[in-house]
Structures are given as C-alpha cells and as structure tokens.
Amino acid sequence: MSHGHPGIDDRSLPPPRVEEVADRVFAYVQPDGTWWINNTGFVLGDEAVLSVDTCATERRTRAMLEAVAGASGGQAPTTVVNTHHHGDHTNGNALASSATVIGHRLCREEMTKMGLSRPDGLFEPVDWGDIALRPPSVTFERRLDVHVGDLLVELHHVGTAAHTTNDVVAWVPERRVLFTGDLLFNGGTPFVLMGSVAGSLVALDRLVEFDAEVVVPGHGPPGTPAIADVVGEYLRFVQDTAERAVAAGLSPLEAAQETDLGAFADLTDSERLVGNLHRAFAEHGGARPGDEIDLVAAFGDMVTFNGGRPLRCLA
Ligand SMILES: [Zn+2]
C-alpha cells in the first residue's frame, strides 16, 4: 500500500504513449485503460490542432498537452471535441485554455447539470489536481464538420443513447481513422449504465459502416473495427443474462453474483456487469435508450459486488 499521492509517476502502469495511426492523425494511449484512464487523440493541421477529449486529472491532461506540443512543434489544441460528458474525457477541458470545446447538445446539458465529475468514495482516491468545469461552448445535434487545416474531421452523433445519451464519434475520412470514444473499449469491460444496451448494439453497427482502417477506442489500444465484435458479444451476453435473471426473479446484483463471465472474465473492471445489468433490466421492463434510471443504486451494487470496497482506480 502506498501512502503518497496517487498519480501517474508513482504507479506501476506504463507511461502514456503517442501513436501516429495515420499521417498527422494521432492516438494518445493511456495504459491500462481502466476506470478514469482514457485515450485521447489529435489531428494536426497548419496552425490548427484538434484534440479528441481531455483527461480525468490535471496531471494526466498536462502530460497529454505536452505530448500534443511535442508532436506539433509546440502547438496547443485550437479545438477540443468531447466524445461524451464523462469526466475522464472532459475534466481537463479548462486546461486546454486556447481551444474551443465542441460536443453534443446533451453533453453540455449533462456537464452543466452534473457539475465537475470527481466522485469521492466510489473509487479508490484520485489526485484530481486543479480542474474546473468547462462544458462545450459549441454544440450540435447530428453532425458537424471541422476543418483542421486541409483535413476534414466529421463529428457524428450516433443517433441513439449508447454508452451515454451524447456519444459522438470523430471520423477522418481521408485517413480512414475513427475515434469512437467509449462506444468501444478494447480489453476493458464495456459500460452502458448511463446509456443503453440495445442502443449500444445499434451504435456498433453504425461504427462498422464507416469502414475504418484504424479505430481508436475510448479505452485500450487502437486497432481495427474487429474491436466492435467483442463489445457486441459482451452486450448480447448482458441481455441474455438479464432475460434469464428476470425470469428467475433475481436482482441485478444477484444475477451478477451468479454469473460466470466465461471469456469476458479477462476484461478489466468486471464489476461493470452489475451496472450493465441494471440498464438491461430496465430495458427488459420497457425503458427506452437513455431513460433515467437509479444510478446511485447501480453504483452501490457495484461496490457491494466488489466486496464493499471502492472500485479499483489508478487514475
Ligand atoms: Zn465514458
């Protein structure tokens, strides 16, 4: 047990890395992709830098901005696109002070309603640093085109609640690179408590339609669209588990405790099953994608599932 301030310097995680996944298109990959440790990305144009998301903490966001400067000859982001409202993707927005922040209309609404996202107690302690709420100032509903120098970046809402109500993908058609936000996790357990199981499956089909060569997920290493296959298999497993559990009269927590994850046991943050089942139960009972459900109860059950301990968090 360490008694120091947690942070990226005193953990055993490998350092974040920059991957140029196509000409002037970069993924910023933060191992190990577990709770609150997200990926960002950036696209370089002449005198313009578009960043896809920021990070959870001051320290992680400053390290990311240094990496952007290092790859761009000292530039700072001129645009930040938030893929959704979650704090691991938006808490650092204010630190990208020269950027215009763009997101879905509901991303701004959620951030404004929820305030800064730094939950205490649910997760192992995090050194958030100096972060401040900065919701998108430019919002859109379905699609927005951003020109980064001569490179087009298309922003698309996926058309349904999925990971959240406000998931946006960033598509660079001339490079065939797709930044998916948390519609995809690679190596981690998908998490749809705040969105929809059924909607996520629809969103996965839409992601595949882009016919990307490189996909940058919200967490975990970049790869090919095949990342979506595992996510889809997991989500159907959640739906099947919920259907059987409802028939057996079990609660989401009881169902999770009885479930053998099988091949999905290798995915990190497996306690997300409990939250996912809360959403799947609601949908089984007729809830529509993105309908409000009791998030406090769901997170409480996740902690119970975790032996009553705060959830592992290395952010
Ligand atoms: Zn998220």
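In this report, the structure presented in the accompanying data block is examined. The structure displayed is predicted, hence computed values, not measured ones.

Reading the values: rules and limits
Residues numbered from 1 in each chain as written. Predicted model: local features only at pLDDT ≥ 70, side-chain atom pairs only at ≥ 80, totals over all residues. Helix = DSSP H or I, 4+ residues; strand = E, 2+ residues; numbered from the N terminus. Contact = placed C-beta atoms within 7 Å. Pairing = 2+ DSSP bridges. Axes fitted to C-alpha atoms, helices over the stretch in contact; angles between N-to-C directions. Buried ≥ 20, exposed ≤ 12 C-beta atoms within 10 Å, placed from the backbone.

**Examining the environment of G187**
(1) Moving on: In this fold, G187 is placed in the loop between β11 (177-185) and α4 (197-209).
(2) Moving on: Spatially, the C-alpha atoms of G187 and V214 are 16 Å apart, while their sequence positions differ by 27 residues.
(3) Moving on: The residues touching G187, leaving out its near neighbours within four places in the chain, are G33, G220, P221, L267 and T268.

**Brief notes about the sheet that holds strand β8 (residues 143-148)**
(1) Moving on: Overall, mixed pairing links the 5 strands, which are arranged β8-β9-β10-β11-β12 in an open sheet. The open sheet is flanked by β8 and β12 (214-219), the only strands paired with a single partner. Between one strand axis and the next, the sheet turns by 25 degrees as a mean value, whatever way the strands run.
(2) Moving on: Direction of pairing for β11 relative to β12: parallel, over a ladder of 5 bridges. Counted as the bridge partner of F179 is V216 from β12.

**Observations regarding helix α3 (residues 105-114)**
(1) Moving on: Looking at α3, one finds that the buried residues are L106, C107, R108, E110 and M111.
(2) Moving on: The elements touched by buried residues of α3 are α2 (87-90), β6 (100-104) and β7 (138-140).
(3) Moving on: Phi turns positive one or two residues past the end of α3, at G115, with a value near 75 degrees.

**A word on the sheet that holds strand β1 (residues 17-22)**
(1) Moving on: With mixed pairing, the 7 strands of this open sheet are ordered in space as β1-β2-β3-β4-β5-β6-β7. In this open sheet, the two strands that pair with only one neighbour each are β1 and β7. Neighbouring strand axes in the sheet, compared pairwise and without regard to direction, differ in orientation by 25 degrees on average.

**Description of the environment of T34**
(1) Moving on: As for its position among the elements, T34 is in the loop between β2 (25-29) and β3 (40-45).
(2) Moving on: The class for T34 is buried, based on 21 C-beta atoms found within 10 Å.
(3) Moving on: Separated by 119 residues in the primary sequence, T34 and V153 place their C-alpha atoms 27 Å from one another.
(4) Moving on: Beyond its immediate sequence surroundings of up to four residues, T34 is in contact with G188, T268, D269, R312 and L314.

Honestly, it's all geometry; don't read function into it.
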